[in-house]
There are 2 protein chains.
Amino acid sequence: MTEPRTALDHVRIVLVQTWHPGNIGAAARAMRTMGLTQLVLVSPRQFPDEEATRMAAGGEPLLEQARVVESLEEAVADCGAVVGLSARLRNLALPQFEEGDEMARELMSLAEDMPVALVFGRERSGLTNDEIACCTHQLSLPANPDYPILNLSQAVQVCAHELYRAWRHRHADQKSRTAPADIGMQSVREKDLPPTREQMQHFQQSLATALQEAGFLNQPHAQTLERLQNFYQRSSPTRKELSLLQGALRALTRPSDDT
Amino acid sequence: MTEPRTALDHVRIVLVQTWHPGNIGAAARAMRTMGLTQLVLVSPRQFPDEEATRMAAGGEPLLEQARVVESLEEAVADCGAVVGLSARLRNLALPQFEEGDEMARELMSLAEDMPVALVFGRERSGLTNDEIACCTHQLSLPANPDYPILNLSQAVQVCAHELYRAWRHRHADQKSRTAPADIGMQSVREKDLPPTREQMQHFQQSLATALQEAGFLNQPHAQTLERLQNFYQRSSPTRKELSLLQGALRALTRPSDDT
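Being a predicted model, the structure only gives us computed values, none of them experimental. (Residues numbered from 1 in each chain as written. Chains lettered and ligands numbered in written order. Predicted model: local features only at pLDDT ≥ 70, side-chain atom pairs only at ≥ 80, totals over all residues. Heavy atoms only, no water.)

Caption draft 1: Seen up close, the packing of aromatic side chains. Counted according to the given criterion, the structure contains 10 aromatic pairs over all chains. Each ring, one from A:Phe203 and one from A:Tyr232, has its centre 5.1 Å from the other, and the planes form 75 degrees; the classification is edge-to-face. In this pair, A:Phe203 sits in helix α9 (residues 197-213) while A:Tyr232 sits in helix α10 (residues 224-234), placing the two residues 29 residues apart along the sequence. Exposure class is identical for A:Phe203 and A:Tyr232. Each is buried. Between A:Phe231 and B:Phe231, the aromatic rings sit 6.4 Å apart at their centres with planes inclined by 65 degrees, giving edge-to-face as the arrangement. One end of the pair, A:Phe231, is in helix α10; the other, B:Phe231, is in helix α10 (residues 224-234), on a second chain. (Phe/Tyr/Trp six-rings, centres within 6.5 Å; stacked < 30°, edge-to-face > 60°. Helix = DSSP H or I, 4+ residues; strand = E, 2+ residues; numbered from the N terminus. Buried < 20%, exposed > 50% of the residue type's maximum accessible area, 1.4 Å probe, protein only.)

Structure (structure tokens):
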């Protein structure tokens with residue numbers, strides 16, 4: 001099933017260190033009901049498992065195709081956006097989505113061209129600071145202040161429902177304009193795409209090294225590096241811009257006897 | 001907890017002849033996370049039950065207050081609207097909602113003044129013809145045509161999420177028209193202000209000089225400088241960020257015999 005499905009197939013649902021195999025199964029089912037296919041498990045406590053299979057019902061194929069990895073970095077390295085669901089920890093440097101539908105529209109737009117990820121944390125403790133640092137955005141699903149704790153697979157269902165709806169509406173809009181003029185709607189040029197997580201990380205690392213060697217990070221409490229890295233993260237450079245920034249950094253740090 | 005909550009308390013979630021007590025518990029949890037309180041069970045197969053309590057987690061109070069009745073008629077007699085969820089049977093005489101958010105807006109509007117109900121059928125067979133005849137509307141949650149079968153409690157979660165959002169948006173609209181909205185809005189700290197045009201120009205000039213001297217601008221047609229300056233311009237650095245960028249640039253271009 002070719003073209004219209006590609007965007008949904010670009011959506012990666014990443015579950016980090018899930019405790020209850022039943023939640024993994026229920027998440028797979030939720031994904032399947034909403035046309036999603038890519039399940040990634042970061043160090044699940046117990047998988048494969050009968051309980052996962054039982055709860056998956058018709059989502060069982062997703063369990064069979066699920067990718068199991070050992071770190072979140074590995075799970076999302078090639079993703080253009082990584083949205084972390086977080087009820088507890090808010091990293092204010094990251095762009096925040098306040099509603100599921102905002103998140104879904106933006107993610108499904110990007111998903112036309114490259115993989116994107118939605119990351120769910122542990123049942124009890126959510127995501128760690130380091131894991132949130134892997135993300136490009138955060139989403140907080142608004143919930144009852146007296147009891148905001150959705151079951152993990154329920155949160156997956158709600159998000160999957162939003163993503164599927166956003167996808168349907170994009171394609172409905174496109175279909176409703178069908179006329180030969182729409183044939184050949186240009187795909188976004190690669191240079192205008194967001195960089196992958198890996199490319200961004202590489203730049204952030206080069207920045208850190210360059211500033212360290214230049215003696216600019218001599219006041220740890222000033223959080224200079226964090227602030228600058230946050231600036232570049234939230235500026236969302238395109239791939240082209242990032243490559244120019246990387247080039248500029250290299251040019252500025254080239255030893256003088258190399259020029 | 002008086003006036004603004006009444007509309008949510010007017011929403012009755014009705015589960016008809018649920019087979020798995022776990023689904024009742026998970027539904028109660030889903031309701032609680034989205035501020036709903038009124039659970040009604042029509043002839044549940046097994047209730048109360050340990051499995052229901054376990055799956056309910058923080059939704060347990062809803063189980064304790066749940067009303068158990070013997071017919072759907074009894075459950076919804078005083079309701080101003082009764083929306084039946086149906087994937088299978090469509091009664092074309094009933095008004096249909098094609099999306100969860102349409103249903104939620106209409107239901108929450110009515111719920112300001114009177115009880116309303118959302119009715120979920122049996123896990124395997126949904127609602128009977130007679131039960132659909134009890135309804136004033138039907139809702140079909142759009143789902144993957146290859147596998148549209150959401151778990152019962154997941155469907156409750158999705159609908160509860162829609163209802164809570166519709167309620168919040170109604171009340172946000174109202175709040176924004178009340179006067180003391182500015183109380184507690186902190187004044188923006190200076191460092192978070194945008195830089196002056198002069199400060200920005202100074203940075204852009206420093207950037208140009210540094211890159212020129214590093215030999216990075218040796219291909220005028222590549223518009224390297226323009227692209228990088230555009231990047232920094234559209235990134236809208238705060239004053240603080242700009243001062244860090246300026247400092248970093250200075251540190252990177254400091255002649256090596258100065259360190």
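Caption draft 2: Geometry of the sheet that holds strand β5 (residues 96-97) of chain A. Residue and element names in this part refer to chain A. The strand order across the open sheet built from 7 strands is β3-β2-β1-β6-β4-β7-β5, with neighbouring strands paired in parallel fashion. The open sheet terminates on both sides in strands that have one partner only, identified here as β3 (67-69) and β5. As paired strands, strand β4 (residues 81-85) and strand β6 (residues 116-120) are joined by 4 bridges and run parallel to one another. Residue pairing across strands places Gly 84 opposite Val 119, the latter belonging to β6. Along the sheet, helix α2 (residues 21-33) makes contact with β1 (11-16) and β2 (38-42), crossing β2 at roughly 160 degrees. (Pairing = 2+ DSSP bridges. Contact = heavy atoms within 4.5 Å. Axes fitted to C-alpha atoms, helices over the stretch in contact; angles between N-to-C directions.)

Caption draft 3: Structural view of the domain arrangement of chain A. Residues and elements named next belong to chain A. According to the domain assignment, chain A contains domain 1 (8-176) and domain 2 (193-252). Computed over C-alpha atoms only, the centres of domain 1 and domain 2 are separated by 28 Å. Taken together, the contact pairs 16 residues of domain 1 with 11 residues of domain 2. When domain 1 packs against domain 2, close to 960 Å² is buried across both sides, 59% of that on carbon and sulfur atoms. On the domain 1 side of the contact with domain 2, Ala 77, Ala 93 and Met 114 bury the most area, a combined 40% of that side's loss. Here domain 1 and domain 2 share 0 salt bridges between them. Inspection of the domain 1/domain 2 interface yields 6 residue pairs in polar contact (both at pLDDT 80 or more). (Domains from an automatic or database assignment. Buried area = accessible area lost by both parts, 1.4 Å probe. Salt bridge = Lys/Arg side-chain N within 4 Å of Asp/Glu carboxyl O. Polar contact = N/O pair within 3.5 Å; in protein donor to acceptor, adjacent residues only side chain to side chain.)

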